[in-house]
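# Topology and contacts: notes
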Amino acid sequence: MEKNRKYKKDYDEVFRDEHIQWFEERMDKLPESMHLDAAVYMPDLRLSVTNLIRTLRRNKTNATFSGYMETLLRIREKLEAEGL
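Before going into details, it helps to say that this report is about the structure given with it. Because the structure is a prediction, the values reported are computed rather than measured.

Calculation criteria
- The numbers attached to residues start from 1 for each chain and follow its sequence in the written order.
- The predicted origin of the model limits local features to residues at a pLDDT of at least 70 and limits the giving and counting of side-chain atom pairs to 80 or more, whereas totals for whole chains, interfaces and linings rest on all residues.
- Side-chain measures here rest on the full set of heavy atoms in the structure, leaving out hydrogens and waters.
- Whether two aromatic rings pair depends on their centres lying within 6.5 Å, for rings of Phe, Tyr and Trp, where Trp uses its six-membered ring; planes under 30 degrees apart make the pair stacked, over 60 edge-to-face, and the rest tilted.
- Remark: exposure states derive from per-residue accessible area (1.4 Å probe, protein chains only) relative to the maximum for the residue type, with buried under 20%, exposed over 50%, and partly exposed in between.
- Note on conventions: DSSP H or I runs of at least 4 residues are helices, E runs of at least 2 residues are strands, and numbering of each starts at the N terminus.
- When checking whether two residues touch, look at their non-hydrogen atoms; a contact exists if any pair is within 4.5 Å.
- For helices, the fitted line uses only the C-alpha atoms of the stretch in contact; every axis is such a line through C-alpha atoms, and the angle between N-to-C directions lies from 0 to 180 degrees.
- In this scheme, roughly parallel covers angles under 35 degrees and roughly antiparallel covers those over 145, while 65 to 115 is roughly perpendicular and the rest are oblique.
- Handedness of a helix crossing follows the sense of rotation of the near helix relative to the far helix, less than a right angle counterclockwise being left-handed and clockwise being right-handed.
- Nonpolar cores were defined as sets of buried Ala, Val, Leu, Ile, Met, Phe, Trp, Tyr and Cys residues, with membership established by side-chain atoms within 4.5 Å.
- Throughout this description, the term salt bridge denotes a Lys or Arg side-chain nitrogen within 4 Å of a carboxyl oxygen of Asp or Glu.

## Considering the packing of aromatic side chains
Enumeration over the complete set of coordinates arrives at two aromatic pairs. Ring centres 5.0 Å apart and planes at 80 degrees place the aromatic pair Trp-22 and Phe-23 in the edge-to-face group. As far as burial versus exposure is concerned, Trp-22 and Phe-23 are alike and both buried. When the centroid spacing of 5.8 Å and the interplanar angle of 40 degrees are considered together, the rings of Phe-65 and Tyr-68 count as tilted. Phe-65 gets classed as buried once you look at its relative accessible area, which sits at 17%. We classify Tyr-68 as partly exposed; its relative accessible area is 36%.

In structure tokens:
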């Protein structure tokens, strides 16, 4: 992941699927929980990631769902920074 990445409201299916695949390949290695930032705590990270993926797959890739993609990217960045 790119450091200082800017929010991207437009993304395509290839971009989405590449990131989903990254999570699916590591789902069993995800920590139980995560503090994404001072305001966001996920007590069941696997469930949170699964629900984000489900929402992204069920809907068209557009600005309406870009926040879900952004959250997934932020989770990935944090996991990678922690060595996953």
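## What about the environment of Leu-36?
Mapped onto the fold, Leu-36 is located in the loop between strand E1 (34–35) and strand E2 (41–42). A relative accessible area of 10% means that Leu-36 is categorised as buried. Sequence separation between Leu-36 and Asn-62 is 26 residues, and the spatial gap between their C-alpha atoms is 24 Å. Those residues in contact with Leu-36, other than ones at most four positions away along the chain, are Met-42, Thr-71, Arg-74, Ile-75 and Lys-78.

## A closer look at the packing of helix H2 (residues 45–58) against helix H3 (residues 66–81)
To describe two helices that pack against each other, one gives the angle between their axes and the distance between the axes. One way to put it is that H2 packs onto H3 with a least axis distance of 9 Å and a crossing angle of 140 degrees. Considered as vectors, H2 and H3 are oriented oblique to each other. The two elements H2 and H3 cross, and the hand of that crossing is left-handed. Note on element contacts: H3 touches H2 through Tyr-68, Met-69, Thr-71, Leu-72, Ile-75 and Leu-79, opposite Leu-45, Val-49, Leu-52, Ile-53, Thr-55 and Leu-56.

## Concerning the nonpolar core
In this structure, Phe-23, Leu-45, Val-49, Leu-72, Ile-75 and Leu-79 are the most contacted members of the largest nonpolar core, which totals 20 residues. Contributing elements (two or more residues each) for this core: helix H1 (13–26), H2 and H3. Once residues lying within four places of it in the same chain are set aside, the contact partners of Ile-75 are Phe-23, Met-34, Leu-36, Met-42, Leu-45, Val-49 and Leu-52.

## A short note on the pattern of salt bridges
Note that side chains of opposite charge can pair when their charged atoms are close. Within this structure, the stated rule accounts for five salt bridges. Notably, a salt bridge pairs Arg-16 with Asp-17, separated by 2.8 Å at the nearest N-O pair. Here Arg-74 makes a salt bridge to Asp-37, at a shortest N to O gap of 2.5 Å. With Arg-74 in helix H3 and Asp-37 in the loop between E1 and E2, this residue pair connects regions lying 37 residues apart in the sequence. Residue classification places Asp-37 among the partly exposed positions, given a relative accessible area of 28%.

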